[in-house]
Amino acid sequence: MNNLFRGTGIALVTPFDENKNVDFDALKNLLVHTQNHVEFWVVHGTTGEAATTTRQEKREIFDFIAENNPNKLPLVYGLAWNDTRQLIELIGKSNLEGVSAILSASPSYNKPTQEGIYRHYMEMADASPKPIILYNVPSRTASNIEAKTTLRLAQHPNIIGTKEASGDMTQCIEILRNKPKDFMVFSGDDALTLPLISLGADGVIGVIPNAYPKEFGSLTRAALKGDFEKANEYLHQLFPLFEHLFVESNPVGIKEILSLMGIMKPDVRLPLLNASKELSNKFEQEMKKIQKLQIA
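The text that follows walks through the structure, step by step, so that each part is easy to find. (Residues numbered from 1 in each chain as written. Predicted model: local features only at pLDDT ≥ 70, side-chain atom pairs only at ≥ 80, totals over all residues. Heavy atoms only, no water.)

**Considering the overall build of the protein**
Point 1. A count of helices and strands for the protein gives 12 helices and 8 strands.
Point 2. Dimensions of the protein along its principal axes, counting C-alpha atoms only, are 50 × 45 × 35 Å.
Point 3. Taking the intrachain contacts of the protein between residues at least 6 apart in sequence as the baseline, contacts between residues at least 24 apart amount to 72%.
Point 4. Just so you have it, the protein exposes about 13,200 Å², and 48% of that area is on carbon and sulfur atoms. (Helix = DSSP H or I, 4+ residues; strand = E, 2+ residues; numbered from the N terminus. Contact = heavy atoms within 4.5 Å. Areas by Shrake-Rupley, 256 points an atom, 1.4 Å probe, with all protein chains shown as cover.)

Printed below as a string of structure tokens:
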């Protein structure tokens, strides 16, 4: 199964209309825009504004994506909670038909110890009918999944990989050096995809590929083939966007880029706010430069 996920996964955004309702027409635009250039889609992650979509909306969104997936891309479902017992109950009640794996961020707000994080995931993995991909994003959860904890969890047969968004390259190297052969490591930071693949990572679960799936998919595939010169060309082309992508929080930046492309409206739900004019202008300037660049 793990080969299904090797490459580029997109943390899909959830388009909203001006009334903040899910915009399924725009979602279809996004799926068509990305479907031929990446290896899998991730639904209901941070980028999909999972924190402010209802359970009913989540089901409707997932079903719509599954029905509009002509290439049969694997679908990874975001599912996390800071109460282990409630998370296991939620897994039991969820319709996971069509789900290839679950991406689950470590518990937020509680700030558990490493042993608490370990036991949380072990109980989840024991209960889940689908394989688990860990998601380490300390900037949002207020706690880090340390390398030694990830490596302990990697021994569980139902935990197949991790999305590493710690930004700690030393930690990533320790995981990559000592992980089981089949345990997958994904970059959780678009800008670090190339260096992490050079160290042995399997790909990325990214944000920018929503807007530039062909370019980012090509970057990842080139890196996985060892063609780092070509991968660097794509990285240098896209890098100016990375600098501004998260300054007003995610997915504000990527939605503004997609709006400038005409794929969807830029709307997000409170407490997030749409991109400022200043940020929009920066994206517009950088996108014009990208249009002028050509990669052989």
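Having seen the structure, we can now continue with the description.
**Quick notes on the side chain of Asp 190**
Point 1. Structurally, Asp 190 can be placed in the loop between strand 7 (184-187) and helix 8 (193-198).
Point 2. Lys 163 provides the closest opposite charge to the buried, unpaired Asp 190, separated from it by 7.3 Å.
Point 3. A distance of 3.1 Å separates a polar side-chain atom of Asp 190 from the backbone nitrogen of Val 207. (Buried < 20%, exposed > 50% of the residue type's maximum accessible area, 1.4 Å probe, protein only. Lys, Arg positive; Asp, Glu negative; His and termini not counted. Salt bridge = Lys/Arg side-chain N within 4 Å of Asp/Glu carboxyl O. Polar contact = N/O pair within 3.5 Å; in protein donor to acceptor, adjacent residues only side chain to side chain.)

**Comments concerning the nonpolar core**
Point 1. Counting 77 residues, the largest nonpolar core has Trp 41, Ile 65, Ile 208, Tyr 212, Ile 254 and Ile 257 as the members making the most contacts within it.
Point 2. Of the residues forming this core, the biggest block, 7 residues, is contributed by helix 10 (residues 228-245).
Point 3. The contacts of Ile 254, once residues within four sequence positions are left out, are Val 13, Thr 47, Val 207, Ile 208, Asn 210, Ala 211 and Leu 245.
Point 4. Counting residues in hydrophobic clusters, the runner-up holds 16 residues, among them Val 76, Ala 101, Phe 186 and Ile 205. (Core = buried A, V, L, I, M, F, W, Y, C linked by side-chain atoms within 4.5 Å.)

Treat this as a map of the structure, not an account of what it does.
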